[in-house]
Amino acid sequence: MILAAWNVVIHYLVPIGIAFSVVVVIHEWGHFWIARRCGVRVDRFSLGFGPEIFGITRGATRYSLASIPLGGYVKLAGEAPEDGDHTGAPDEFSSQPWHIRAWIVLAGPLASLLLAMALFAGIAWRWGAASPSDTTIIGQVIPDGPASAAGLRPGDKVLAVTLGGRARHGGQAGRTLPVTSWKGMAAIIHTHPDKPLRFQIERRAARLSITITPKLDPRHKRGLIGVTPETVQVRFGPFQALWEGARQTYLWIALTLKFLGMMILRLVSPDIAGPLGIAQVVAKAAQNGLQEFLYMIALISTSLGLFNLFPIPLLDGGHIAMAALEGAMGKPLNPKVTKIAQSVGLVLLLTILVFATYSDIARLRSGLMK
């Protein structure tokens, strides 16, 4: 019993606590650092939530270690005037011009995205990054695709493609085209939907011939056989790694926004992970090694930075939007309007949380029943 509990702590609770603490503390450090630079007093910087275990006071700030080590928070002086937390002192958050307040709030998501970029860059520099090869070696064969049905296997090397599937006299049919690159092979497949092609392949020093008919992709109007290229590890120098870190962050942001857009348009079914799902993935990544664990922290930090930029009240993006609205109007917003907006934002966030947690539980139950 004790050994089982210890394994749970080491393999699940510790990595989950580290991942969430790193991501949230860096996010809050962004708010903290810019607030201090703008002359705003920070009352507390807490690592964790709940009762304080240990703390020290430096200047006007109390630095705390709390009992629940899952994230952290920054308490700015005068940040909640609607609750009476405002005396009008010049070093309070609410006393600042709208653009200073917006900049302090924006610093949190920016810190999250910079953390993601740094982690992606560090991974690329230390371990390299997987990149699709331009050789004609098959990396993966998608199940139930034309290539899988025809018997093509990962590791097969395509040497040539014969148009028409079998040799014929005259015309293009029967013409054999040697292929030396993945792009060249893909061009042949894309331009011959619903037409049989004979692939000359090399498999473990043996030569084979396999006929595959590309399936028409109605969305892009091209033929596909259901294969992906072989991937190779590409090592990066320091400056190349920084560029790769920025590229990875951009790609994940673009992919997330694309998926959310497809969800809104109902092109895909809603499927988002909640706290349970994220915790499960983090724990599994930690068991697979440091590289995958750091990559998962980078993904979570990217999501946190992006999600907090959405103009939803209570999120950083909502505060930025209200500050910008105040700047456009030239006067502070009505406190009643602010409270109503925050209430709506709270309901929306709770709805998303409940839906995501329900999805997590449904996935867990489905996995247990299989």
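Here goes a summary of the coordinates provided. Values in this document were obtained by computation on a predicted structure and should not be read as measured data. (Residues numbered from 1 in each chain as written. Predicted model: local features only at pLDDT ≥ 70, side-chain atom pairs only at ≥ 80, totals over all residues. Heavy atoms only, no water.)

1. Describing the overall build of the protein
Summing up its helical and strand segments, the protein has nine helices and twelve strands in all. Within the protein, the proportion of its 370 residues that are buried is 36%. Once local pairs closer than 6 in sequence are excluded, the contacts in the protein between residues at least 24 apart make up 62%. (Helix = DSSP H or I, 4+ residues; strand = E, 2+ residues; numbered from the N terminus. Buried < 20%, exposed > 50% of the residue type's maximum accessible area, 1.4 Å probe, protein only. Contact = heavy atoms within 4.5 Å.)

2. Examining the packing of aromatic side chains
Inspection of every chain in the model, using the stated rule, returns six aromatic pairs. Ring geometry for F32 versus Y63: centroids 6.1 Å apart, planes at 70 degrees, classification edge-to-face. Here the residue F32 occupies a position in helix α1 (residues 2-37), and Y63 occupies one in strand β2 (residues 61-76), the gap between them amounting to 31 residues. Judged by its relative accessible area of 9%, F32 is buried. Y63 gets classed as partly exposed once you look at its relative accessible area, which sits at 27%. (Phe/Tyr/Trp six-rings, centres within 6.5 Å; stacked < 30°, edge-to-face > 60°.)

3. Considerations on a nonpolar patch on the surface
A surface patch of nonpolar side chains, amounting to about 450 Å² of accessible area, comprises L47, I53, F54, I56 and L65. Top contributing element to the nonpolar patch by residue count: strand β1 (residues 42-58), with four residues. Judged by its relative accessible area of 52%, F54 falls in the exposed class. (Patch = residues over 30% accessible without salt bridge, like charges linked within 9 Å, V, L, I, M, F, W, Y side chains within 5 Å. Areas by Shrake-Rupley, 256 points an atom, 1.4 Å probe, with all protein chains shown as cover. Salt bridge = Lys/Arg side-chain N within 4 Å of Asp/Glu carboxyl O.)

4. Brief notes about the environment of W103
You can see W103 is positioned in helix α2 (residues 98-126). Taking the C-alpha atoms as reference points, W103 and C38, 65 residues apart in sequence, are found 9.3 Å from one another. Among residues more than four places away in sequence, those in contact with W103 are I34, C38 and L110.

5. Notes on the packing of α2 against helix α5 (residues 238-264)
The contact between α2 and α5 brings their axes to 7 Å, and the two run at 125 degrees. Considering the angle they form, α2 stands oblique to α5. As for how α2 packs across α5, the hand of that crossing is right-handed. Residues L113, A116, M117, F120, A121, A124 and W125 of α2 pack against P238, A241, L242, E244, G245, A246, Q248, T249, W252 and I253 of α5. (Axes fitted to C-alpha atoms, helices over the stretch in contact; angles between N-to-C directions. Parallel < 35°, antiparallel > 145°, perpendicular 65-115°, else oblique. Left-handed = near helix turned anticlockwise from the far one by under 90°.)

6. Some details on α5
Between its first and last C-alpha atoms α5 spans 39 Å; for 27 residues at 1.5 Å apiece the expected length is 39 Å, and the two agree. For α5, the complete set of buried residues consists of A241, E244, G245, Q248, T249, I253, M262 and M263. In this structure, the buried side of α5 is in contact with α2, β3 (129-132) and α7 (290-307). (Expected span 1.5 Å × (residues − 1).)

7. So, the environment of P51
Within the fold, P51 resides in strand β1. Each C-alpha atom, one on P51 and one on A66, is 5.5 Å from the other, the two residues being 15 residues apart in sequence. Those residues in contact with P51 that sit more than four places away from it in its chain are L65, A66 and S67.

8. Some words on the packing of α2 against helix α8 (residues 316-329)
Axis separation between α2 and α8 bottoms out at 9 Å; the angle between their running directions is 165 degrees. Considering their axes alone, α2 and α8 lie roughly antiparallel with respect to each other. α2 and α8 meet at a crossing whose hand is left-handed. For the pair formed by α2 and α8, the contact residues are W98, R101, A102, V105, L106 and P109 on the first element and D316, H319, I320, A323, A324, E326 and G327 on the second. Across the contact of α2 with α8, the residue classes tally to eight nonpolar, two polar and three charged. (Nonpolar A, V, L, I, M, F, W, Y, C, P; charged D, E, K, R; others polar.)

9. Regarding the nonpolar core
Of all hydrophobic cores here, the largest spans 21 residues; its most connected members are I138, L152, V158, M185, F199 and V227. Listing elements by their share of this core, those giving two or more residues are β4 (138-141), β5 (157-163), α4 (182-190), β7 (197-203) and β8 (206-212). At five residues, α4 tops the list of elements feeding residues into this core. With residues up to four places along the chain from it excluded, the contact list for I138 reads L152, R153, P154, G155, D156, V158, W182, M185, V227, T228 and E230. Of all hydrophobic cores here, the second largest spans 17 residues; its members include A279, V282, A283 and L299. (Core = buried A, V, L, I, M, F, W, Y, C linked by side-chain atoms within 4.5 Å.)

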